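Structure assessment
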Amino acid sequence: MKTRKSKRLKRNIRNFFLLTIFAVLATFAGWFLQRKENLKTRKVEINYKVVDTKKEYKTNLVMVGDALMHMAVNNTYKAGNTYNYEGMFKYIKPIVENYDLAYYNQETILGGVELGLSGYPQFNSPQEVGNSFVSTGFNLVSLATNHSMDNYYRTNGKSIENSVNFWKKYSDKVIAAGSYLSESDREEVIIKEIHGIKYALLSYTEQTNGISVPSGKEYLCNVYSKEKVKNDIERYRDKVDLLMVAMHWGEEYTTNLTTFQKETAKYLASLGVNIIIGCHPHVIQPMDFIDNTLVIYSLGNFVSNQDTVQKLTGLMASCVIKKIEYHGKTTVTLEDVGAEFIYTNKNNRYIVYPYSELNDNILSGYKRYYQEYKNVINRYTDKVTVKGVEV
């Protein structure tokens, strides 16, 4: 009996040890397999980790001022029954060709010869003006000016209709902003892209020389209001990298800024506009930065038949637009901001010269004028490089 109990005890002890050893081995095996799986998982994570690379995009922009088409200019470039202004730009075209984006202000409406051409005070210009600017390389044009309503009532609206329809022919490569034939056209979001940078242009005028825009047809000409501008910018801001706003504002023939210009520039900057492009004074006014917003208060005239060197000198402003995408964030900066002056030579077929091409035979004392206008540009900022003339 004692022997049986002894054998049973030995058997139980043996089974206990065997179970213990089995449990230890099972635990170790489970730990080993889990560790192996963890190592495999970690290896997969290392092998397939996505690297967040920095992407950089660049484009560049040049901007010039008013195409103020007096009849003397038109008559100079009349060829039979048509007009061709390209000879006027022979020194400008090689410069514009170096830029992806090129802006100008179409001061006078392009109603065309069928409506009868006219000059100051109510202009109507040949549509060939637009053809020549496009063939020179300009692809951004502002249409909201104090002359947008010129001849509107005389032509029963045909002046604006012809102008807008003319620019629609170039809609594949040109943004023409500020004048429309319907509210739905005005509210259409027009965006283009170049080198990975999406851009848009909006255009407004402070006033229309007392010629009223018909009630219910405010789309014909974008007259500035804070509410209108805010609503427009909100439709665009998150859809583009570069947002430009053309402003027809200020007081004519002075380099001094009005309260409206200063306050409006601050307001537009607060809404996230990248570049504010000013025209109307017919003379150069300062450039400045409001935080990251570039403000060109007035580009002056690009071409005209006006009567002083100050009115015949305009500004070519330029910059490089850089876009960087990194860690899910996009930043847009303006670099290499520059200014160069141009001069319309009334004594030689209104040919537009960069100041770098001038001599005293073309414009006596041009270096003195250069220094004067350089001081205007740099009145508020030293971040603009004025180039073109060795003084």
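About the criteria used
- Residues numbered from 1 in each chain as written.
- Predicted model: local features only at pLDDT ≥ 70, side-chain atom pairs only at ≥ 80, totals over all residues.
- Heavy atoms only, no water.
- pLDDT = per-residue confidence, 0-100.
- Contact = heavy atoms within 4.5 Å.
- Phe/Tyr/Trp six-rings, centres within 6.5 Å; stacked < 30°, edge-to-face > 60°.
- Helix = DSSP H or I, 4+ residues; strand = E, 2+ residues; numbered from the N terminus.
- Buried < 20%, exposed > 50% of the residue type's maximum accessible area, 1.4 Å probe, protein only.
- Lys NZ or Arg CZ within 6 Å of the ring centre and 35° of its normal.
- Pairing = 2+ DSSP bridges.
- Axes fitted to C-alpha atoms, helices over the stretch in contact; angles between N-to-C directions.
- Salt bridge = Lys/Arg side-chain N within 4 Å of Asp/Glu carboxyl O.
- Core = buried A, V, L, I, M, F, W, Y, C linked by side-chain atoms within 4.5 Å.
- 1 Å grid on protein atoms, 1.4 Å probe; cavity = no way out; pocket = protein on both sides within 12 Å on 5 of 7 lines; lining within 4 Å.
- Points joined across faces, edges and corners; volume = space filled by probe spheres on them.
- Nonpolar A, V, L, I, M, F, W, Y, C, P; charged D, E, K, R; others polar.

What follows covers the confidence of the model for the protein chain. Per-residue confidence for the protein chain averages 92 on the pLDDT scale, and 87% of its residues sit at or above 70. Low confidence marks residues 39-48, where pLDDT is under 50. Its contacts with residues over four positions away, or in another chain, come to zero contacts.

What follows deals with the packing of aromatic side chains. Under the defined criterion, the tally for this structure stands at 22 aromatic pairs. Ring centres of Phe-341 and Tyr-373 lie 6.0 Å apart, and the angle between their planes is 70°; on these two criteria the pair is classed as edge-to-face. Placement of Phe-341 in strand β15 (residues 329-345) and of Tyr-373 in helix α10 (residues 366-377) is noted, with a sequence separation of 32 residues between them. The same class applies to Phe-341 as to Tyr-373, namely buried. Among the aromatic residues, those joined into a ring-pair cluster are Phe-89, Tyr-104, Phe-133, Phe-138 and Phe-302. Lys-311 extends its terminal NZ or CZ atom over the ring of Tyr-253, reaching a point 4.3 Å from the ring centre.

The next subject is the sheet that holds strand β12 (residues 293-296). Spatial strand order, β7-β8-β9-β10-β12-β11: six strands in an open sheet with mixed pairing. A single partner strand is all that each edge strand has here, and the edge strands are β7 (192-194) and β11 (287-290). The average angle at which neighbouring strand axes cross in this sheet is 25°, direction not considered. Note that strand β10 (residues 275-279) and β12 share three bridges and pair parallel. Directly across from Ile-276, in β12, lies its bridge partner Val-295. Strands in contact with helix α8 (residues 259-270) are β9 (242-248), β10, β11 and β12; relative to β9, the strand with the most contacts, it is inclined by about 165°.

This paragraph deals with the pattern of salt bridges. Within this structure, the stated rule accounts for 10 salt bridges. The partner of Arg-186 in a salt bridge is Glu-183, and the shortest N-O contact between them spans 3.3 Å. Residue Arg-186 and its partner Glu-183 are located together in helix α6 (residues 183-187), separated by three residues, close to a single helical turn. For Glu-183, a relative accessible area of 32% puts it in the partly exposed group.

Within the largest apolar cluster, 92 residues are counted, with the highest numbers of intra-cluster contacts made by Trp-167, Ile-275, Met-287, Leu-315 and Tyr-355. Setting aside chain neighbours within four positions, we find Met-287 in contact with Leu-294, Val-295, Ile-296, Leu-315, Ala-317, Val-337, Gly-338, Ala-339, Ile-377, Tyr-380, Thr-381 and Val-384. If you look at the next biggest cluster of nonpolar residues, it comprises 23 residues, including Ile-233, Ala-269, Ile-276 and Tyr-297.

Moving on, we get to the layout of surface pockets. Here the largest pocket defines a volume of roughly 460 Å³. Contributing to the lining of the largest pocket are 20 residues, with Asn-274, Asn-292, Thr-293, Val-332 and Thr-333 lying nearest its centre. The element best represented in the lining of the largest pocket is β15, accounting for seven residues. Grouping the amino acids of the lining of the largest pocket by side-chain chemistry returns eight nonpolar, seven polar and five charged. The calculated volume of the second largest pocket comes to roughly 310 Å³. Forming the boundary of the second largest pocket are 14 residues, of which Lys-168, Ser-171, Ala-176, Glu-188 and Ile-190 lie nearest the centre. Every element with two or more residues in the lining of the second largest pocket is listed here: α5 (158-168) and β6 (175-177). Per-element accounting of the lining of the second largest pocket gives the leading share, three residues, to α5. Tallied by class, the residues present in the lining of the second largest pocket amount to nine nonpolar, two polar and three charged.

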